[in-house]
Amino acid sequence: MLFVAITGLVPWGLTLLGGSPHLRFMLVEVHDKLALPLTILLILHIAQRVPRFISRAQRRGNR
């Protein structure tokens, strides 16, 4: 995830410093290609933990 963040922020710096538009485009493409699968993994990770969170909250409410 850190690499996704870096490849998302560096193109802004390149724009401000007058860097190569081609390099900026390549970094944005790498950012997009890394972010999509990581987003899917994050959603799956959260979806697996929601039932456990709900069951623990219900148990705590019964005390």
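In case you missed it, the structure is sitting above this.
Draft legend 1. A nonpolar patch on the surface, seen in detail. A contiguous nonpolar surface patch, about 600 Å² in accessible area, is contributed by Met1, Leu42, Ile46, Val50, Phe53 and Ile54. Mapping isoleucine 46 onto the fold places it in helix H2 (residues 21-61). On the accessibility criterion, isoleucine 46 (45% relative accessible area) is partly exposed.

Draft legend 2. Fine view of the environment of leucine 2. Looking at where leucine 2 falls in the secondary structure, it is placed in helix H1 (residues 2-17). Sequence-wise, leucine 2 and arginine 56 are 54 residues apart; in three dimensions their C-alpha atoms are separated by 31 Å.

Draft legend 3. Up close: a positive patch on the surface. Where like charges cluster on the molecular surface, the positive patch consists of Arg49, Arg52, Arg56 and Arg59. Along the chain, arginine 52 falls in helix H2.

Rules behind the numbers
All chains use their own residue numbering, which begins from 1 and follows the written sequence. Residues qualify for local features only when their pLDDT is at least 70, as the model is predicted, and side-chain atom pairs are given and counted only at 80 or more; totals for whole chains, interfaces and linings, by contrast, use all residues. Side-chain metrics in this entry use all non-hydrogen atoms of the structure; hydrogen atoms and water are not considered. Patch members must show over 30% relative accessible area and no salt bridge, and they are joined within 9 Å when carrying like charges or within 5 Å when they are nonpolar side chains of Val, Leu, Ile, Met, Phe, Trp or Tyr. Using a 1.4 Å probe, the Shrake-Rupley method yields the accessible areas, and only the shown protein chains count as cover for residues. Note on definitions: salt bridges are taken to be side-chain nitrogens of Lys or Arg within 4 Å of carboxyl oxygens of Asp or Glu. A run of H or I in DSSP becomes a helix once it reaches four residues, and a run of E becomes a strand once it reaches two; helices and strands are each numbered from the N terminus. Burial classes: relative accessible area under 20% of the type maximum marks a residue as buried, over 50% as exposed, and values in between as partly exposed (1.4 Å probe, protein chains only). Think of it this way: Lys and Arg go in the positive column, Asp and Glu in the negative one, and His and the chain ends go nowhere. For charged residues, the charge sits on one atom: NZ in Lys, CZ in Arg, CG in Asp, CD in Glu.

Keep in mind that these numbers describe shape and distance, not what the molecule does.
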